[in-house]
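# Observations on the model geometry
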Amino acid sequence: MILTLYLSLIYVLRLVASLPAEKNFFNPILPGWNSDPSCIFVAEADNIFFCTTSSFLAFPGLPIYASKDLRNWYLISNALHHPSQLPDFKNTSRPDEGIFAPTLRYNQGRYYLVTVYYAVSIGVFKTLLFETSNPFNQSAWGVPVECTTLGYDPDLFWDDDGQSYLTASRSSHGGIVQAPIDLVNGQLLGEQYHLWNGSGGAWPEGPHMYKKDGFYYLMIAEGGISIDHMETIARSEHLKGPYTSYHKNPILTNRNSSEYFQTVGHADLFKDAEGNWFGAALATRSGPQWKNFPMGRETCLFPVTWKERQWPELAPVRGIMDGSSLPSRSGWRPWDSQLVAGPDVIDFGPSSSFPKHFVHWSLPDPSAYVISPKDHLYSLGLQPSKTNLTGDLILPAAQKRTLIARRQAHSLFAFEVDILFRPNVRGEEAGVTVFLTPQQHLDLSIGSADYDSATLTDMFKVVDIGRSETKDLPANVHTLSKQWQQSPIRLEVRGVNETTYRFAARLVGDRRSHEYVFYAPAAVVSAGAGHFTGALLGVYATANGGNGTTEAYVSRWRYTPQGQVVDYAVVIPHGRP
């Protein structure tokens, strides 16, 4: 407790001496794991901005966010929300597989989302096109059209004559390529042609095309996923080129700097009703050390100056940005939505369902989750999975982890749940987790060490950065008294700063009960095998390979935001507009 107060006090004392003026805004705008953003502005939809991001193995996936003021964002739907939309998803288990690098576009009353589904473990690579007229209605996102695959990181562009084009990356094997496409059946309408190899950086990818003042602009990401990441641009007076690289490339990067926000890139540009241009890009709050960034790659906003027939000028990504060109603040909130940076107050009442921002790791076994079961109203019943959180990196389709979670969306937060669990078979276990991948997670669990006692265990699983082998860090096991074994236990995870988690346990309703506390490093759930993903906070239950079937009952799910670290020792308290 003393250490927690000390760590918190450091941040309170180092808050910005004079908080920024109201005209400023803070990054990230989509905090937590939200990589590869693609954003649009739709005047016909009452001047609403929409964004989507990569989801990889998270299910539901392809989140759709909406905002009226570019500051307050709401999760309104998930384009991938039902197994029937992508049956192959059940075979996906590696953290670098799944759905990634989507592009969201609007044309003549329709919303189009093009992306790729990649599962190297089963040899599948597909280009998928989702479409709807109402992005607020999750069920309106139907079965996607499977398109001819041109490459990865696909983009959609409509020329002045109404013809649509698919642009994609083949990286070092052809750079950026393009072809006309029929959006009804997903078939290419002609031969593909080469556009640009980039400015010379590694991995030219993430293309987006724009037309302005008679020029076709092609903006791409280069430099890979680490601190060399950057955004570059070229243009041509003809769609097929040749494209001239901008002599001031890169137009956006924080490489070779000491900025707190690093790996900036994979950007998209859009403009509002007043003609002001903006961009969204991914970034990690890591500093150049690139060691502690458990929330992974997040979405940041930046203003863009784009004068007639000139190259766009992109403001550098930082935690505190000039927001003088942003739309006026809005109190708008769409129906049945989740504020991205908001709290959780969830009690699993009868007839309720999971909130839109709850996710599983790949497809779940629906029978493993029962909301408000008959004998345990206002709780979530968890049936233990045979496999545990670690298990095999590649699981057979029939094996599912019983894990449900939400994204960690704040540097400083408190996440707590009450768990009633009476394990009676050796190996049974249930608890809370900070989960990045099956190789990297931090857990505090209630488990059965033998047939006569229950235990409280903290466990780590880590991959050494730059090495392929895994290793287990020692687990600390504490035998619980009979009182603890018969009562609900409150398990808590706190982000005390951007480098440290605090785990704690105590009896529900008994503040005099001994509180068990341990601290864990955020570096364990940063990068490694999970360099594409970000930390999830959730609950799980497992039989650890055994035959246990004892259910765990989770109640009083609370996630309380407390603050965002937006620069070195600079914290924006939660609720700061």
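Parameters at a glance
Going along each chain's sequence as written, the residues are numbered from 1 onward. Since the coordinates come from a predicted model, pLDDT governs what is reported: local features require at least 70, and pairs of side-chain atoms require 80 or more to be given and counted, while whole-chain, interface and lining totals use all residues. Only hydrogens and water are set aside; all other atoms, that is, all heavy atoms of the structure, feed into the side-chain values. A run of H or I in DSSP becomes a helix once it reaches four residues, and a run of E becomes a strand once it reaches two; helices and strands are each numbered from the N terminus. With the radius of gyration taken over C-alpha atoms, the globule rule is written as 2.2 Å times the number of residues to the power 0.38. Here, residues are in contact when the closest pair of their heavy atoms is within 4.5 Å. Per-residue and other accessible areas were derived by the Shrake-Rupley procedure at a 1.4 Å probe size, with only the shown protein chains allowed to occlude residues. Whenever a carboxyl oxygen of Asp or Glu lies within 4 Å of a side-chain nitrogen of Lys or Arg, that contact is scored as a salt bridge. Only protein chains enter the area calculation, which uses a 1.4 Å probe; residues under 20% of their type maximum are buried, those over 50% are exposed, and those in between are partly exposed. One bridge is not enough; two strands pair if DSSP finds at least two bridges between them. The disulfide criterion is simple: two cysteine sulfur atoms within 2.5 Å. Ring pairs shown here join Phe, Tyr and Trp side chains whose ring centres sit within 6.5 Å, with only the six-membered ring taken for Trp; geometry is labelled stacked below 30 degrees between planes, edge-to-face above 60, and tilted in between. Geometrically, a lysine NZ or arginine CZ counts as sitting over a ring once it is within 6 Å of the ring centre and also within 35 degrees of the ring normal. Any residue with an atom within 4 Å of a point lines the site, the site being either a cavity, points on a 1 Å grid over the protein atoms alone where a 1.4 Å probe fits but cannot get out, or a pocket, an open set with protein on both sides within 12 Å along at least 5 of 7 lines. Grid points are joined across faces, edges and corners, and a volume is the space filled by probe spheres set on the points.

As recorded by an unreviewed UniProt entry, the protein chain carries the name Xylosidase: arabinofuranosidase and is attributed to Aspergillus granulosus.

## Observations regarding the overall build of the protein chain
A tally of regular secondary structure across the protein chain gives two helices and 40 strands. Over its C-alpha atoms the protein chain spans a radius of gyration of 24 Å, differing by no more than 12% from the 25 Å that the globule rule assigns to 577 residues. Dimensions along the principal axes, computed over C-alpha positions, put the protein chain at roughly 75 × 55 × 45 Å. Intrachain contacts of the protein chain at a sequence separation of at least 6 include 60% that bridge at least 24 residues. With the model as given, the accessible surface of the protein chain reaches about 22,100 Å², and the carbon-plus-sulfur share is 51%.

## With respect to the pattern of salt bridges
Within the structure shown, the criterion is met by 22 salt bridges. In this structure, Asp36 engages Arg297 in a salt bridge whose closest nitrogen and oxygen atoms are separated by 3.9 Å. You can see Asp36 sitting in the loop between strand E1 (24-26) and strand E2 (38-42) and its partner Arg297 sitting in the loop between strand E20 (277-285) and strand E21 (298-305), a full 261 residues away along the chain. With respect to class, Asp36 is no different from Arg297; both count as buried. With a shortest N-O distance of 3.5 Å, Arg105 and Asp155 are connected by a salt bridge. Of this pair, Arg105 sits in strand E7 (residues 98-107) while Asp155 sits in strand E11 (residues 152-158), and the two are 50 residues apart along the sequence. Members of the salt-bridge network, linked through shared partners, are Glu492, Arg494, Arg502 and Glu515.

## Some thoughts on the sheet that holds strand E3 (residues 48-52)
Pairing within the open sheet is antiparallel, and its five strands lie in the order E2-E3-E5-E6-E24. Among the strands making up the open sheet, the edge pair consists of E2 and strand E24 (338-339). Summarising the sheet, strand E6 (residues 74-80) and E24 pair through two bridges and their orientation is antiparallel. Within E24, the residue paired with Tyr74 across the bridge is Leu339.

## Here's the deal with the environment of Gly200
Within the secondary structure layout, Gly200 lies in the loop between strand E14 (193-196) and strand E15 (205-212). Once the C-alpha coordinates of Gly200 and Ser286 are considered, the two residues, 86 residues apart in sequence, prove to be 26 Å apart.

## Quick look at the pairing of strand E8 (residues 110-119)
Summarising burial for E8: eight of the 10 residues are buried, a large majority. Taken together, the eight bridges between E7 and E8 define a ladder with antiparallel strand orientation. Residue pairing in the sheet places Asn107 in a bridge with Arg110 of E8. Counted between consecutive antiparallel strands, the loop separating E7 from E8 contains two residues, among which Gln108 sits at a positive phi close to 50°. The sheet contact formed by E8 and strand E9 (residues 124-132) spans nine bridges and is antiparallel. Across the sheet, residue Thr115 finds its bridge partner in E9, namely Leu128. Taken together, E8 and the strand that follows it, E9, pair antiparallel across an intervening segment of four residues, in which Gly123 is found at a positive phi of about 70°.

## Observations concerning the state of the cysteines
Following the criterion strictly, the structure yields one disulfide and no others. What pairs with Cys39 in a disulfide is Cys51, and their sulfur atoms sit 2.0 Å apart. Residues Cys39 and Cys51 share a disulfide whose torsion about the S-S bond is about 110°; that sign makes it right-handed. Of the two residues, Cys39 is situated in strand E2 and Cys51 in strand E3; the sequence distance between them amounts to 12 residues. Each member of the pair, Cys39 as well as Cys51, carries the same accessibility label: buried.

## With respect to the side chain of Arg558
Within the element layout of this structure, Arg558 appears in strand E39 (residues 552-567). A residue is classified by how much of its surface remains accessible, and Arg558, at 16% relative accessible area, is buried. Each residue touching Arg558, except ones within four places of it in the same chain, is listed here: Asp344, Val345, Ile346, Asp347, Ala414, Phe415 and Glu416.

## Quick notes on unusual backbone geometry
Note the cis peptide between Phe59 and Pro60, where omega equals 0°. Relative to the elements of secondary structure, Pro60 occurs in the loop between strand E4 (58-59) and strand E5 (61-67). Positioned with a positive phi, Leu70 is a non-glycine residue whose angle comes to about 70°. As for its position among the elements, Leu70 is in the loop between E5 and E6. For Leu70, a relative accessible area of 0% corresponds to the buried category. We note that Phe348 has phi near 55°; this positive angle belongs to a residue other than glycine. Topologically, Phe348 is positioned in the loop between strand E25 (344-346) and strand E26 (360-361).

## Some points on the packing of aromatic side chains
Inspection of the entire model under this criterion finds 35 aromatic pairs. Aromatic pair Phe56 and Phe532: ring centres 5.1 Å apart, planes at 15°, arrangement stacked. Separated by 476 residues along the polypeptide, Phe56 in the loop between E3 and E4 and Phe532 in the loop between strand E37 (516-521) and strand E38 (536-542) bring together distant segments of the chain. When its relative accessible area of 3% is taken as the criterion, Phe56 is described as buried. Both rings, one in Phe59 and one in Phe89, keep their centres 6.0 Å apart while their planes meet at 40°; by these two values the pair is tilted. Of this pair, Phe59 sits in strand E4 while Phe89 sits in the loop between E6 and E7, and the two are 30 residues apart along the sequence. Judged by relative accessible area, Phe89 falls into the buried class, the value being 1%. Pairwise contacts between aromatic rings join Tyr210, Phe215, Tyr217, Tyr246, Trp277, Trp306 and Trp311 into one cluster. Its end group placed over the ring of Tyr559, Arg406 keeps NZ or CZ at 3.8 Å from the ring centre.

## Quick word on the layout of surface pockets
By volume, the largest pocket amounts to about 650 Å³. Counting only elements with at least two residues in the lining of the largest pocket, the list comes to E2, E7, E11, E15 and strand E19 (261-271). The greatest single-element share of the lining of the largest pocket, amounting to four residues, is contributed by E2.

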